[in-house]
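Chains, contacts and geometry: an overview
Each chain, letter by letter, is given below.
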Amino acid sequence: MNEPFCMKMKLVVVVLILVFTFAALAQNCGTFTSSDGSRYNLAPLTANIDYSGNETDAPYTYYWQFCSNLVQTTCVWPTPVTQVTVSGTCTPVGYLDYFQLNDHPNGPKAGFQVTYVNAQDNTCQSNTIPRITHIVVDCDLSVESSFVAITSPSICIYWIEMRSKYACPVSNSTAPLISSISPPTGSMSGGTKVSFVGQNFTPSTQCRFGLVAGVNPTYQSSTVFMCTSPASTPPERDLFPDTEQVFLSNDGLNWSSTNNVTFTFK
């Protein structure tokens, strides 16, 4: 058995172990606690507009999301990360069913890393090796989110690097926790008064519906908070129900959403 074949088989075994591990570690992708106990909140990075960037040494464009499938890509696959050629051919390079949150390669306080695997199609190297995509997000308090580079140093493995203030550990202050909201639905044009029940609410608590800030945040107690829904966005969604995750923040920087509480615009 020649050495390249042995190396390939070892890589396949490692990838399969990772795949089963990812499947077993299905978790709330919105939050992450690193190995040293630092807490991260990925929720603000879940956007209505897909992130994108070009590979440094190849004619490929990549589109990706955090914690959800792509929003606007024309590719037919429901996937959180895809590779697109100049001619428009799409290749999924990871699926939401196979993801893991890890420490940043430079250490837990340097940011975090999201890994997606395409073990469903096994399209790489003549259908022998699943594709793996690592999204490394560097802690940078000066930017909301910024693309750095995309490289592919090994066969079927892709590295996407970003910078974001949301890749910095959240403060030790107690985050607001949402148990439920009422009502869970409202008008597309906004104006629905929503009651939040939970814990750790303060007079500085703010609300957000998806990426859009709520109106008239009103503190009632540490367990009850009121906020009026904004208009649904983007406008092209006005003909369809639009379900958005609901977030609260006590400092305007670190946003939390407990139990994936959602609000539907109808």
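Just so you know, these numbers come straight off a predicted model, no measurement behind them.

Conventions used here
- Residues numbered from 1 in each chain as written.
- Predicted model: local features only at pLDDT ≥ 70, side-chain atom pairs only at ≥ 80, totals over all residues.
- Heavy atoms only, no water.
- Pairing = 2+ DSSP bridges.
- Helix = DSSP H or I, 4+ residues; strand = E, 2+ residues; numbered from the N terminus.
- Axes fitted to C-alpha atoms, helices over the stretch in contact; angles between N-to-C directions.
- Core = buried A, V, L, I, M, F, W, Y, C linked by side-chain atoms within 4.5 Å.
- Buried < 20%, exposed > 50% of the residue type's maximum accessible area, 1.4 Å probe, protein only.
- Contact = heavy atoms within 4.5 Å.
- Salt bridge = Lys/Arg side-chain N within 4 Å of Asp/Glu carboxyl O.
- Phe/Tyr/Trp six-rings, centres within 6.5 Å; stacked < 30°, edge-to-face > 60°.

Notes on the sheet that holds strand 7 (residues 95–103)
The five strands are arranged 7-8-9-11-10 in an open sheet whose pairing can be described as mixed. Each of the sheet's edge strands pairs with one partner strand only, and the pair in question is strand 7 and strand 10 (146–154). When the angles between neighbouring strand axes are averaged without regard to direction, this sheet yields 20 degrees. For strand 7 and strand 8 (residues 111–118), the ladder comprises six bridges, and the chain directions are antiparallel. When the bridges of strand 8 are listed, tyrosine 95 appears paired with valine 117.

Examining the nonpolar core
One finds Trp64, Phe66, Phe112, Val114, Ile135, Ile160 and Met162 to be the most contacted residues of the largest nonpolar core, which totals 23 residues. In contact with methionine 162, not counting residues within four places along its chain, are Tyr51, Trp64, Phe66, Ile135, Val136, Val137, Asp138, Ser145, Ser146 and Val148. Judged by nonpolar contacts, the second largest core, of 15 residues, contains Ile178, Cys207, Phe209 and Val261.

Here we look at the pattern of salt bridges
In total, this model carries two salt bridges according to the counting rule given. Among the salt bridges present, the one from lysine 165 reaches glutamate 144, with a minimum N-O distance of 3.2 Å. Taken together, the positions of lysine 165 in the loop between strand 11 (157–164) and strand 12 (177–182) and glutamate 144 in the loop between strand 9 (131–139) and strand 10 put the pair 21 residues apart, joining distant regions of the chain.

Details of unusual backbone geometry
In this structure, proline 183 follows serine 182 across a cis peptide bond, with omega equal to -5 degrees. Within the secondary structure, proline 183 sits in the loop between strand 12 and strand 13 (185–186). The phi dihedral of cysteine 156 falls on the positive side, at around 70 degrees, and the residue is not glycine. For cysteine 156, the location among the structural elements is in the loop between strand 10 and strand 11.

Quick look at the packing of aromatic side chains
Under the criterion given, the structure shown has 11 aromatic pairs. Between tyrosine 40 and phenylalanine 112 the ring centres are 5.9 Å apart and the planes differ by 70 degrees, which places this aromatic pair in the edge-to-face class. Here tyrosine 40, found in strand 2 (residues 39–41), pairs with phenylalanine 112, found in strand 8; they are 72 residues apart in sequence, far enough to count as distant. With respect to class, tyrosine 40 is no different from phenylalanine 112; both count as buried. Put simply, the rings of Tyr51, Trp64, Phe66 and Phe147 pair up and form one aromatic cluster.

Some details on the pairing of strand 8
By the criterion of burial, strand 8 is predominantly enclosed, with eight of the eight residues buried. Of the two faces of strand 8, the one lined by Gly111, Gln113, Thr115 and Val117 and the one lined by Phe112, Val114, Tyr116 and Asn118 are each fully buried. Where strand 8 lies against strand 9, eight bridges are found, and the strand directions are antiparallel. When the sheet's bridge partners are listed, valine 114 is paired in strand 9 with isoleucine 135.

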